[in-house]
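Each chain is listed here by its residues.
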Amino acid sequence: MALAVAAGCGGAAPPASGPPDPPAAAPRSSSSQPSSSRPASSPPVSSHPASPRPDASTGASSGEALPAPGAPMPGDPARLAGALRTTTAALNAAIDRWKAAKGDPPRDVQLLALHQQRLYRHAARHPALARRAFARLPAALAARSRDDTAAIRELLALARPIKPSAVFRVQPARPAAELLGHFKRAERRFGVEWEVLAAVMFAETKFGRVRSDSHAGAQGPMQFMPATWRAYGMGGDIQDPRDAIMGAANYLRATGAPRDYRRALHAYNPSQAYVNAILLHARQMKRDPRAYYAYYNWQVFVITTAGERRLTGPE
């Protein structure tokens with residue numbers, strides 16, 4: 001398996017080597033959503049075209065200004081710390097409203113989650129600034145900020161810049177509640193924690209938004225090499241999120257989880273940086289399940305030789 005995109009941070013495809021090829025089993029398959037092909041340099045597209053779109057400058061219920069998709073990043077510790085405090089508090093409140101209302105993520109959740117993602121990516125690239133900013137945060141938020149920034153930095157270390165003309169196929173993610181149901185069913189069947197499975201899908205394809213195969217040939221929302229899928233996919237459809245999540249849980253269980261997540265994740269992607277990132281993101285979801293809904297709304301970025309591009313999310 002291989003990252004199609006360095007997720008928590010969204011970079012280009014890193015070096016990949018899939019897990020070994022052994023035994024098999026058997027259930028079902030289903031079809032995946034239609035996708036679109038986009039050059040890495042194309043303007044962003046919304047991952048949720050049907051989402052409600054209140055006024056772009058105000059929150060859905062608070063009336064507070066929302067960050068623009070390309071808002072400038074804070075350049076000093078006090079402003080970065082303040083942005084993390086206000087963005088995280090507003091995002092948590094917006095997630096609570098969204099979960100109560102159900103349906104697609106509203107625009108305030110999308111914009112706040114994207115801004116949070118960009119703040120952490122900015123922090124990952126400016127460690128001295130990040131250290132000074134995090135020292136100004138309350139303990140719980142400082143711990144989360146350090147973990148998310150460290151995970152992004154680990155995944156960025158795996159990213160390889162691609163040509164601006166490279167084409168990535170992207171598509172909307174399946175609904176957050178639907179995916180969460182698949183993760184929890186896989187946990188019940190195989191004993192692999194749902195937060196770990198969610199962190200893998202997040203890192204590999206941003207919850208299925210990346211439709212393209214990896215440069216090494218890994219496929220589907222959990223990025224299986226075809227031979228490994230034949231061994232552990234249980235007869236399912238490699239592109240179907242439910243089947244892919246079950247196959248990943250089957251594979252992780254066979255390679256050491258839940259006794260030894262580090263061993264199992266290293267078999268999934270033989271990189272210590274990858275293992276660290278998955279466990280850091282999983283820890284955030286265990287601390288606060290709202291982190292899952294925030295990560296669900298983080299978007300696909302690629303790193304090209306001409307600079308970084310965002311391929312999905314609010315405009």
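Throughout what follows, the structure given in this document is the object of discussion. The structure presented is a predicted model; accordingly, all values stated were derived computationally and were not measured. Each chain has its residues counted from 1, following the order in which its sequence is written. Residues qualify for local features only when their pLDDT is at least 70, as the model is predicted, and side-chain atom pairs are given and counted only at 80 or more; totals for whole chains, interfaces and linings, by contrast, use all residues. Only heavy atoms go into the side-chain values, all of them from the structure, while hydrogens and water stay out.

**Here we look at the nonpolar core**
Thought 1: Buried residues of nine kinds, namely Ala, Val, Leu, Ile, Met, Phe, Trp, Tyr and Cys, make up a nonpolar core once their side-chain atoms join them within 4.5 Å. When a residue's accessible area, from a 1.4 Å probe over protein chains only, is under 20% of the maximum for its type it is buried; when over 50% it is exposed; and in between it is partly exposed. Counting 84 residues, the largest nonpolar core has Phe183, Leu197, Phe207, Met222, Tyr268 and Tyr292 as the members making the most contacts within it.
Thought 2: What counts as a helix is a DSSP run of H or I of at least four residues, what counts as a strand is a run of E of at least two, and both are numbered from the N terminus. When residues of this core are assigned to their parent elements, the largest contribution, 9 residues, is made by helix 6 (residues 194-205).
Thought 3: The next biggest cluster of nonpolar side chains, apart from the first, holds 7 residues, and it includes Ile162, Val170, Val210 and Leu311.

**Considerations on the packing of aromatic side chains**
Thought 1: Only rings of Phe, Tyr and Trp enter the pairing, Trp through its six-membered ring, and a pair is recorded when the two centres are within 6.5 Å. The plane angle decides the type: under 30 degrees is stacked, over 60 is edge-to-face, the rest tilted. The full count for this structure, using the stated rule, is 17 aromatic pairs.
Thought 2: Considering the side-chain rings of Trp98 and Tyr293, the 5.6 Å spacing of their centres and the 85 degrees angle between planes classify their relative orientation as edge-to-face. Pair noted here: Trp98 is in helix 1 (residues 77-101) and Tyr293 is in helix 11 (residues 290-296), with a separation of 195 residues, a long-range link. Take Trp98 and Tyr293: they sit in the same class, and that class is buried.
Thought 3: In this structure an aromatic cluster arises from ring pairing among Trp98, Tyr120, Phe183, Trp194, Phe202, Phe207, Tyr292, Tyr293, Tyr295, Tyr296 and Trp298.
Thought 4: Lysine NZ or arginine CZ positioned within 6 Å of the ring centre and within 35 degrees of the ring normal marks a charge as sitting over the ring. Looking at Arg121, its charged tip hangs above the ring of Phe301, at a distance of 4.2 Å from the centre.
Thought 5: Here Arg209 stacks its cationic end above the ring of Tyr296, 5.1 Å away from the centre of that ring.

**What about helix 9 (residues 261-268)?**
Thought 1: Among all positions of helix 9, only Tyr261, Ala264, Leu265 and Tyr268 are buried. Viewed along the axis of helix 9, the buried residues span an arc of 95 degrees, placing them on a single side of the element.
Thought 2: Buried residues in helix 9 make contact with helix 6, helix 8 (241-254) and helix 10 (272-287).
Thought 3: Regarding helix 9, its N-cap is Asp260, as a side-chain oxygen of that residue lies 3.3 Å from the backbone nitrogen of Arg262 further along. By definition, the arc is the one covered by directions from the helix axis to the C-beta atoms. Any two residues whose heavy atoms approach within 4.5 Å at even a single point are treated as in contact. For the purposes of these results, a polar contact is taken to be a pair of N or O atoms within 3.5 Å, where, inside protein, one atom must be able to donate a hydrogen and its partner to accept one; residues adjacent in sequence count only when each atom of the pair is a side-chain atom.

**Examining the layout of surface pockets**
Thought 1: Cavities and pockets were defined on a 1 Å grid built over protein atoms only: a cavity is a set of grid points that admits a 1.4 Å probe from which the probe cannot escape, a pocket is an open set flanked by protein on both sides within 12 Å along at least five of seven lines, and lining residues are those with an atom within 4 Å of any such point. Grid points are joined across faces, edges and corners, and a volume is the space filled by probe spheres set on the points. Empty space within the second largest pocket amounts to approximately 200 Å³.
Thought 2: Residue lining of the second largest pocket: Thr88, Asn92, Ala140, Leu141, Ala143, Arg144, Gln284, Arg287, Asp288, Arg290 and Ala291, and that is the complete set.
Thought 3: Those elements that provide at least two residues to the lining of the second largest pocket are helix 1, helix 4 (139-158), helix 10 and helix 11.
Thought 4: Ten residues, namely Ala, Val, Leu, Ile, Met, Phe, Trp, Tyr, Cys and Pro, are considered nonpolar, four, namely Asp, Glu, Lys and Arg, are considered charged, and the remaining ones, Gly among them, are considered polar. Class assignment for the residues of the lining of the second largest pocket results in 4 nonpolar, 3 polar and 4 charged.

**Overview of the packing of helix 1 against helix 2 (residues 107-125)**
Geometrically, a packed helix pair is captured by the angle between its two axes and the distance between the axes.
Thought 1: One can describe the packing of helix 1 onto helix 2 by two numbers: an axis separation of 9 Å at closest approach and a directional angle of 145 degrees. When the axes of helix 1 and helix 2 are compared, the crossing they make is left-handed. On the side of helix 1, the interface is formed by Leu80, Ala83, Leu84, Thr87, Thr88, Ala90, Leu91, Ala94, Ile95, Arg97 and Trp98, while helix 2 contributes Asp108, Val109, Leu112, Ala113, His115, Gln116, Leu119 and Tyr120. What counts as an axis is a line fitted to C-alpha atoms, over the stretch in contact for a helix, and the angles between N-to-C directions run from 0 to 180 degrees. By definition, turning the near helix anticlockwise from the far helix through less than a right angle yields a left-handed crossing, and turning it clockwise yields a right-handed one.

**Thoughts on empty space enclosed by the protein**
Thought 1: One pass over the full model with this rule turns up 1 cavity of 30 Å³ or more.
Thought 2: Taken as a whole, the largest cavity holds about 30 Å³ of empty space.
Thought 3: Contributing to the lining of the largest cavity are Gln171, Gly208, Val210, Arg211, Gly220, Pro221 and Gln239.
Thought 4: Residues that form the lining of the largest cavity fall into these classes: 2 nonpolar, 4 polar and 1 charged.

**A few points about the side chain of His182**
Thought 1: Within the element layout of this structure, His182 appears in helix 5 (residues 176-190).
Thought 2: By relative accessible area, which is 9% here, His182 ends up buried.
Thought 3: For His182, the side chain forms a polar contact with the side chain of Arg185, separated by 2.9 Å.
Thought 4: If we ignore the near neighbours within four places in the chain, the residues touching His182 are Pro241, Arg242 and Ile245.

**Quick notes on unusual backbone geometry**
Thought 1: Across the junction of Ala257 and Pro258, the peptide omega takes the value 0 degrees, indicating a cis bond.
Thought 2: Following the sequence through the fold, Pro258 ends up in the loop between helix 8 and helix 9.
Thought 3: For Met234, which is not glycine, the phi torsion reads 55 degrees and is therefore positive.

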